[in-house]
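Commentary on secondary and tertiary structure
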Amino acid sequence: MVSPLAALGVSTPVLAAPMAGGPTTPALVTAAARANSLGFLAGGYRTADALAEQIAEVRSDGARFGVNLFAPNPVPVDPEAFRRYALSIAPEARSHGIDILTTGIVEDDDHWSDKIDLLLSDPVPVVSFTFAVPEAAVIAALRAAGTLVVQTVTSAAEARLAAEAGVDVLAVQASAAGGHSGTLTPQRIPAPVPLTDLLGEVRQAVPLPLVAAGGAATPADVTGALRAGAAAVMVGTVLLRADEAGTSRPHKAALADPARRRTVVTRAFTGRPARALRNGFTDRYTDLAPAGYPALHHLTSPMRKAAAAADDPERINLWAGTGYRHATAEPAGRILERLASGL
């Protein structure tokens, strides 16, 4: 099957994943393009206006690029469980001068309609979706505007739903991925299926082109995923320490800390399953955190921002996939080219 990425001029089949919350910057996306790859601006947690500014910045550099959005898939939090959890973590927030006990429950859709309107009025080459499959009408409208539509899936069943909705490409995300799982059923922790096995299951289910994601951190990982049927591989964690990444200083330092020996899947920070380096917060609250996204994200966000500013790695979400040991402090283009060196 011919990869639709070839039509975009992508000759390095190692793509830069979108990493919301700061790590993905326009400079990182531009660096990927200069390496003949493709990077995705992270639209999650941004307003449409803020996203439009980043799109304009990348366009001014003449870079090919994509945009990723969080499609609404709310997990409403139980109010009593929310209050209990807020009470539990209040001392952590107070240590940085944050009072979270006055925080109300916020159940928003991350400016979904405004961002779709932006991408329809000012189309971009590629749009990818995570957390949910948008309505077929939204997908059809984007495709009619000339945009390639990519959907994140974590199982063969999700792949079938995405194919039925009319997407062009599937980003097949294994559980080894860092940050949030793209699962459509976040009430459950995704099964730990190896990436190459998951690619095989999805290939049998649907005929769409596949981009492999989740745990790929070495040239051997890349070649293995391509041999398993992927048209390209998407990497994120290995770029977190890149020169162009906007990753916070304590997060970058934690990735290089030999004392950090494992990752965990936790709801403690956002109420949705996400893989992070183990730290004090995950140790204390993973078992206490209720399901509830985006309510828990909004609850803990002020604490996390204050902790990052204070160089406190024990109270921030140290998102990381299982290949975090391979994250290096160097230009992103060099990282992408090295990962493709075995081809």
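A brief report on the enclosed structure follows. All chains use their own residue numbering, which begins from 1 and follows the written sequence. The predicted nature of this model means local features are confined to residues of pLDDT at least 70 and side-chain atom pairs, given and counted, to a pLDDT of 80 or more, with totals for whole chains, interfaces and linings taken over all residues. In computing side-chain properties, one takes all heavy atoms of the structure into account and sets aside hydrogens as well as water.

Let's talk about the side chain of Asp168
Numbering of helices and strands starts at the N terminus; helices are DSSP runs of H or I of at least 4 residues and strands are runs of E of at least 2. Mapped onto the secondary structure, Asp168 falls in the loop between α6 (156–165) and β6 (169–173). The classification of residues rests on relative accessible area computed with a 1.4 Å probe and restricted to protein chains. Under 20% of the type maximum is buried, over 50% is exposed, and intermediate values are partly exposed. On the basis of relative accessible area, Asp168 is assigned to the buried category, the value being 15%. Of the polar contacts made by the side chain of Asp168, one reaches the backbone nitrogen of Val149; its length is 2.9 Å. Excluding residues that lie within four positions of it along the chain, Asp168 makes contacts with Arg143, Thr147, Leu148, Val149, Leu208 and Pro209. Polar contacts here mean pairs of N or O atoms no more than 3.5 Å apart (in protein, one a potential hydrogen donor and the other a potential acceptor; neighbouring residues in sequence count only if both atoms are side-chain atoms). Any two residues whose heavy atoms approach within 4.5 Å at even a single point are treated as in contact.

Re the packing of helix α1 (residues 26–34) against helix α2 (residues 48–60)
When two helices pack together, their arrangement is given by the angle between the helix axes and by the axis-to-axis distance. Simply put, an axis is a line fit to the C-alpha atoms, just over the touching stretch for a helix, and the angle between two N-to-C directions goes from 0 to 180 degrees. Between α1 and α2, whose axes approach to 9 Å, the crossing angle comes to 35°. Two packed elements cross with a definite hand, and for α1 against α2 that hand is right-handed. Only Gln54, Glu57 and Val58 of α2 make contact with α1, whose side of the interface consists of Pro26, Val29 and Thr30. All residues other than Ala, Val, Leu, Ile, Met, Phe, Trp, Tyr, Cys, Pro, Asp, Glu, Lys and Arg, Gly among them, are scored as polar; the first ten of these are nonpolar and the last four charged. Its residues placed into classes, the contact of α1 with α2 shows three nonpolar, two polar and one charged. Crossings are sorted by hand: turned counterclockwise from the far helix by less than a right angle, the near helix makes the crossing left-handed, and turned clockwise it makes it right-handed.

Observations concerning the packing of aromatic side chains
Pairing of aromatic rings covers Phe, Tyr and Trp, the last through its six-membered ring, and needs centres within 6.5 Å; plane angles under 30 degrees mean stacked, over 60 mean edge-to-face, and all others mean tilted. Tallied over the entire structure, the rule returns eight aromatic pairs. An aromatic cluster of three or more residues is present, and its members are Tyr85, Phe269, Phe281, Tyr285 and Trp319. For the cation-ring pair, Arg272 lies above Phe131, with the distance from its terminal atom to the ring centre recorded as 3.8 Å. Here, a charge over a ring is recorded when the distance from Lys NZ or Arg CZ to the ring centre is within 6 Å and its angle to the ring normal is within 35 degrees.

A word on the environment of Ala310
For Ala310, the position within the fold is in the loop between α11 (295–309) and α12 (332–339). Through-space distance from the C-alpha of Ala310 to that of His96 is 8.2 Å; in sequence the pair is 214 residues apart.

Observations regarding the pattern of salt bridges
The working definition used for a salt bridge is a side-chain nitrogen of Lys or Arg within 4 Å of a carboxyl oxygen of Asp or Glu. Applying the stated criterion across every chain yields a total of 13 salt bridges. Close ionic contact of Asp122 with Arg59 constitutes a salt bridge, the shortest N to O distance being 2.9 Å. Taken together, the residues Asp122 in the loop between α4 (112–121) and β4 (126–130) and Arg59 in helix α2 connect sequence positions 63 residues apart. Judged by its relative accessible area of 33%, Arg59 is partly exposed. The partner of Asp110 in a salt bridge is Lys115, with the nearest N and O atoms 3.1 Å apart. Assessed through its relative accessible area of 12%, Asp110 is described here as buried.

Description of the side chain of Arg272
Along the chain, Arg272 turns up in the loop between β10 (263–266) and β11 (274–277). A residue counts as positive if it is Lys or Arg and as negative if it is Asp or Glu; His and the chain ends are not included. Look at Arg272: it is buried, it has no salt bridge, and the nearest opposite charge is Glu158 at 7.3 Å. A distance of 2.5 Å separates a polar atom in the side chain of Arg272 from the backbone oxygen of Thr183.

Details of the nonpolar core
The nonpolar core is taken to be a set of buried Ala, Val, Leu, Ile, Met, Phe, Trp, Tyr and Cys residues, with the residues joined through side-chain atoms within 4.5 Å. Membership of the largest hydrophobic core comes to 71 residues, with the highest contact counts inside it found for Ile55, Val67, Leu170, Leu199, Val235 and Leu239. Formed by 20 residues, the second largest nonpolar core is a distinct cluster that contains Phe82, Ala86, Ala268 and Met303.

Re the environment of Gly62
Take Gly62: it is sitting in the loop between α2 and β3 (65–70). On the basis of relative accessible area, Gly62 is assigned to the exposed category, the value being 66%. The spatial distance from the C-alpha of Gly62 to the C-alpha of Phe129 is 23 Å, given a sequence separation of 67 residues.

A look at the packing of α6 against helix α7 (residues 195–205)
With their axes 9 Å apart at the nearest point, α6 and α7 run at an angle of 40° to one another. One way to sum up the angle between α6 and α7 is to call them oblique. α7 is crossed by α6, and the crossing has right-handed handedness. Across from Ala156, Ala159 and Arg160 in α6, the residues of α7 making contact are Glu201, Val202 and Ala205. Taken together, the residues that form the contact of α6 with α7 break down as four nonpolar, no polar and two charged. These descriptions rest on fixed angle ranges, namely under 35 degrees for roughly parallel, over 145 for roughly antiparallel, 65 to 115 for roughly perpendicular, and the rest for oblique.

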